[in-house]
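Survey of secondary and tertiary structure
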Amino acid sequence: MNSNLVYELVKKIPRGQAATYGRIAKALKLPGGARAAGRAMAACPSGLGIPWHRVVGAGGRLLLREPNASLQRKLLESEGLRLAEKRILEFSSHEWTPGKARHRAPAQSRQKTG
DNA sequence: CATCTGACGACCG
DNA sequence: GCGGTCGCCAGAT
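Treat the numbers as computed from the prediction; the structure is a model and nothing was measured. (Residues numbered from 1 in each chain as written. Chains lettered and ligands numbered in written order. Predicted model: local features only at pLDDT ≥ 70, side-chain atom pairs only at ≥ 80, totals over all residues. Heavy atoms only, no water.)

**A closer look at the overall build of chain A**
- Secondary structure assignment for chain A yields four helices and two strands.
- Going from the N terminus to the C terminus, chain A shows its helices and strands as α-β-α-α-β-α.
- In chain A, buried positions account for 36% of the 114 residues.
- If you take every contact in chain A between residues at least 6 apart in sequence, the share linking residues at least 24 apart comes to 61%.
- Carbon and sulfur atoms provide 48% of the accessible area of chain A, an area that totals close to 7600 Å². (Helix = DSSP H or I, 4+ residues; strand = E, 2+ residues; numbered from the N terminus. Buried < 20%, exposed > 50% of the residue type's maximum accessible area, 1.4 Å probe, protein only. Contact = heavy atoms within 4.5 Å. Areas by Shrake-Rupley, 256 points an atom, 1.4 Å probe, with all protein chains shown as cover.)

Laid out in structure tokens, this is it:
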């Protein structure tokens, strides 16, 4: 069950950051690449505390469609991320990579009281 | 089995 | 920066 690995991985995504489908697929060596990760996310179960909203397309693009599209935006903004109309601003500064996730963020993540 | 579709990514104009 | 297209694989009809 590869999809299960995807859920475990996205759960490791820290708050205020986001990962891409391709990155996840590549990290888990999913066959089919980003598509496989997307397929797994589409079946993303609820109640397991999976921050699915922290998963976006390459370059921080928001690919989801309503109602999730709107929901993801709301959740991401709630985490302090700055969003454009259809993408994450300064994404490369918030782009999280599996394995590189270590004790601190590469850039200033938190901004004061939220 | 054939066909269409999809929470993707990279390339081209 | 935006839209169109091809490549990739799996699921649903």
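**Side note on the nonpolar core**
- Judged by nonpolar contacts, the single largest core of 18 residues is most densely connected at Val6, Val10, Ile24, Met41 and Val55.
- Examining the composition of this core, we find that four residues originate from one element, helix 1 (residues 2-10), more than from any other.
- Excluding its chain neighbours within four sequence positions, the residues that come into contact with Ile24 are Val6, Leu9, Val10, Ala19, Ala37 and Val55.
- Counting residues in each nonpolar core, the second largest holds eight residues, with Ala18, Leu62, Leu81 and Ile88 among its members. (Core = buried A, V, L, I, M, F, W, Y, C linked by side-chain atoms within 4.5 Å.)

**Quick notes on the layout of surface pockets**
- Roughly 210 Å³ of volume is contained in the second largest pocket.
- Tyr21, Gly38, Met41, Ala42, Cys44, Trp52, Leu64, Arg65 and Asn68 together form the lining of the second largest pocket.
- Considering each element in turn, the lining of the second largest pocket owes the most residues, three residues, to helix 3 (residues 34-42).
- In terms of residue class, the lining of the second largest pocket is built from six nonpolar, two polar and one charged. (1 Å grid on protein atoms, 1.4 Å probe; cavity = no way out; pocket = protein on both sides within 12 Å on 5 of 7 lines; lining within 4 Å. Points joined across faces, edges and corners; volume = space filled by probe spheres on them. Nonpolar A, V, L, I, M, F, W, Y, C, P; charged D, E, K, R; others polar.)

**With respect to the protein's contact with DNA strand B**
- Tyr21, Arg35, Trp52, Ala58 and Leu64 are the nearest of the 13 residues found near DNA strand B.
- A share of 38% of the atoms of DNA strand B within 4 Å of the protein falls on sugar and phosphate groups.
- Note that a base nitrogen of DNA strand B is positioned 2.8 Å from one of the side-chain N or O atoms of Tyr21.
- Take Gly22: an N or O atom from its main chain is 3.1 Å from a phosphate oxygen of DNA strand B.
- If you list the elements that add at least two residues to the surface near DNA strand B, you get helix 2 (21-28) and helix 3. (Near = heavy atom within 4 Å. Polar contact = N/O pair within 3.5 Å; in protein donor to acceptor, adjacent residues only side chain to side chain.)

**Thoughts on the side chain of His53**
- Turning to its location among the elements, His53 is positioned in the loop between helix 3 and strand 2 (55-56).
- In contact with His53, not counting residues within four places along its chain, are Gln72, Leu75, Leu76 and Glu79.

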